[in-house]
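Each chain, letter by letter, is given below.
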Amino acid sequence: MNARKFGFAHCFGMPFWYMAMVIALLSLPGCSSQKEAELIKHPNVLFISIDDLNDWVEPLAGNSQALTPSLDRFSKMSVNFTRNYAPSPGCNPSRSAMLTGLHTYSSGMYSNYQDWRNVPKLQEVQTIGQHFRNNGYYTAGAGKIFHYSQVDTLGWDDYYPSIKNPMPQEHFPEKRPANMPPFKYMYNMFDWGPLTISDEETADFESVNYISRQLEKAHDKPFFLAAGIYRPHLPWHAPQKYFDKFPLESIKKPKLLENDISDLGPVAKEIITRGGNYHKHVVEAGQWKKAIQGYLASIAYADAMVGRLLQALEASPHADNTIVVIWSDHGWQLGEKEHWRKFALWENVLRTVMMIKVPEGLEKMPQGSANGIPTSNLTSLLDIYPTLVDLCNLPGRSDFDGVSLRSMLTNPQENVARPIISTYDYGSFSIRYENWHYIKYIDDSEELYNLEDDPEEWHNLAMNEGLADIKNQLAGFIPENPIDLPEVSLIELMEHHVPPFRSKEYFFSQERQDWMKRFE
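Residues numbered from 1 in each chain as written. Predicted model: local features only at pLDDT ≥ 70, side-chain atom pairs only at ≥ 80, totals over all residues. Heavy atoms only, no water.

### Some points on the overall build of the chain
A tally of regular secondary structure across the chain gives 16 helices and 16 strands. By principal-axis analysis of the C-alpha atoms, the chain measures approximately 90 × 55 × 45 Å. Buried positions account for 58% of the 520 residues belonging to the chain. If you take every contact in the chain between residues at least 6 apart in sequence, the share linking residues at least 24 apart comes to 72%. Total accessible area computed for the chain in this model is approximately 21,900 Å², and 51% of it derives from carbon and sulfur atoms. Placing the 48 positive and 65 negative side-chain charges of the chain at their respective mean positions leaves the two points 3 Å apart. (Helix = DSSP H or I, 4+ residues; strand = E, 2+ residues; numbered from the N terminus. Buried < 20%, exposed > 50% of the residue type's maximum accessible area, 1.4 Å probe, protein only. Contact = heavy atoms within 4.5 Å. Areas by Shrake-Rupley, 256 points an atom, 1.4 Å probe, with all protein chains shown as cover. Lys, Arg positive; Asp, Glu negative; His and termini not counted. Charge placed at Lys NZ, Arg CZ, Asp CG, Glu CD.)

Structure representation (structure tokens):
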């Protein structure tokens, strides 16, 4: 019996002996067990990934121009982790780490130019899909969850379009490139412009529609449903109506500081200009505002796809017994520090979306998550896997590099001091701790920022002797023996690729220097 409904008004006119009997019956062990049995031991999971989505979204307030009503609404229905970070600023290493539970430095999976399935350490662990599937869950997915064709064939009962072909066919403008003039070694998807098609004709809609149909069904097992939304990954093509939301004359460029990169070391400067110097070419082509418009339009489109998924869940029979997780694999830069794309260790490349909603009535969390209360504690995408294992009552693992956030979901304002580590390739580390951000590159060059005073990371304090103790403390969080990048996992490089840092020896080798000369 619901104690909130059993009020005094219901008791008037009842004999005392009758009330005493009711109270006694409610106290019997059998009644208590029945009430406990109503708690959900194995809740469903809706797992929504958004590719290359940076902190511009409204829940993270990184850019006032972004329009993300669905994400903003969900942030008020969930716990919003406002200082959450990616394990790596590349799709493949970030996703592989999060989906296997092992950080890059624990596995050797550092780069987009590896196949995670050929990393020996990762062959020893279960992916999140495998873990749920092997413990009684129905698992299905659509779109990009792992990195393109590097699919997890053992993790899914079903997948759209198929387990070995995980991504629906993309649409492109008739004229290509639509806007960005190609330059030597440019990534051929570095382009933007509207599409003259409806939402229903887009690739991400197909993925969302498949997952929505799964939500409509009655399932005889708890489910783990993964929806991979590809936008705002390049190319930034979306239906025209999303571009119309951002008139070109209203577009604002990111804040820049003159000579911002003068206090950076050699590796940071190489990261900025590598691949043919994107910033130089975007500016010379007069495409900066158009590019920002394309990214904002792609974010708005992705947000609409998230909204469709959330509406499908709310209309389904599973709305009250499904955990929802929304996350992005890493951020993106559009000219900050004269840098474009990801593949860097600065704050707005590593800071990323993570929001979790836990329904009431779970055995592990009867009261549900403290929805609408954001947390500023530092967290990592690596925390998602152990959190879901915990909440869903699945067998744990002793080798997780993340931690369960169950306590933080209950009390988001609880203060938890903890360093968060990210890597770029082998040997370059980012350490976020309290308000500090420390970066140490493979060549031992360093950056140090106080984000409370300098949120744009314009002033590198690494050479400030008065901060030596803080810098040494942060450097002490760097793993002492990171696993080497296993060469057996490397894929064949394309002409525009930048070879990953495999080791210090390779970084300084003639072989690498010869390859990098093409970008000069």
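### Re the nonpolar core
Among the nonpolar cores identified, the biggest contains 60 residues, and I48, F190, I211, I326 and W340 are the most heavily contacted of them. Counting 42 residues, the second-largest nonpolar core is a separate cluster that includes F81, W156, L381 and F400. (Core = buried A, V, L, I, M, F, W, Y, C linked by side-chain atoms within 4.5 Å.)

### Focus on the environment of L234
Its place among the elements puts L234 in the loop between β6 (223-229) and β7 (236-239). Through-space distance from the C-alpha of L234 to that of S262 is 29 Å; in sequence the pair is 28 residues apart. Contact partners of L234, with chain neighbours within four places excluded, come to D52, Y187, M189, F190, D191 and W332.

### Concerning the packing of aromatic side chains
Under the definition given, this model contains 27 aromatic pairs. For the ring pair Y385 and F400, a centre distance of 4.7 Å and an interplane angle of 65° mean the geometry is edge-to-face. In this pair, Y385 sits in helix α12 (residues 384-391) while F400 sits in the loop between α12 and α13 (406-410), placing the two residues 15 residues apart along the sequence. We note that Y385, like F400, is buried. (Phe/Tyr/Trp six-rings, centres within 6.5 Å; stacked < 30°, edge-to-face > 60°.)

### Comments concerning the sheet that holds strand β1 (residues 44-50)
An order of β4-β3-β6-β1-β8-β11-β2-β12 is seen for the 8 strands of this open sheet, with the pairing classed as mixed. With partners counted over all chains shown, the strands left at the sheet margins are β4 (158-160) and β12 (375-380), one partner each. Averaged over all neighbouring strand pairs, the angle between strand axes comes to 20°, with direction disregarded. Looking at chain direction, β1 and β6 are connected through 6 bridges and run parallel. Each residue of the ladder has a partner; that of L46, found in β6, is L225. Across the sheet, helix α4 (residues 91-100) is in contact with β1 and β8 (322-328); its angle to β1 comes to roughly 170°. Along the sheet, helix α10 (residues 288-314) makes contact with β1, β6 and β8, crossing β1 at roughly 170°. (Pairing = 2+ DSSP bridges. Axes fitted to C-alpha atoms, helices over the stretch in contact; angles between N-to-C directions.)

### Quick notes on the side chain of R341
Topologically, R341 is positioned in strand β10 (residues 340-341). It turns out R341 is buried and unbridged, and the closest side chain with the opposite charge, D52, is 7.1 Å from it. Within the structure, R341 has its side chain in polar contact with the side chain of Y278 (distance 3.3 Å). (Salt bridge = Lys/Arg side-chain N within 4 Å of Asp/Glu carboxyl O. Polar contact = N/O pair within 3.5 Å; in protein donor to acceptor, adjacent residues only side chain to side chain.)

### Focus on the sheet that holds strand β15 (residues 436-440)
With antiparallel pairing, the 4 strands of this open sheet are ordered in space as β13-β14-β15-β16. In this open sheet, the two strands that pair with only one neighbour each are β13 (420-424) and β16 (446-450). Put simply, the sheet's adjacent strands are angled 15° from each other on average, direction ignored. Bridging between strand β14 (residues 428-433) and β15 involves 5 bridges; their strand directions are antiparallel. By the bridge assignment, Y433 is partnered in β15 with W436. Sheet strands touched by helix α14 (residues 468-475): β14, β15 and β16. Its angle to β15, the strand with the most contacts, is close to 70°.

### Looking at the pairing of β12
The buried fraction of β12 is high, at 5 of 6 residues. In terms of strand pairing, strand β2 (residues 79-85) meets β12 through 4 bridges, oriented parallel. Across the sheet, N84 pairs through a bridge with T379, a residue of β12.

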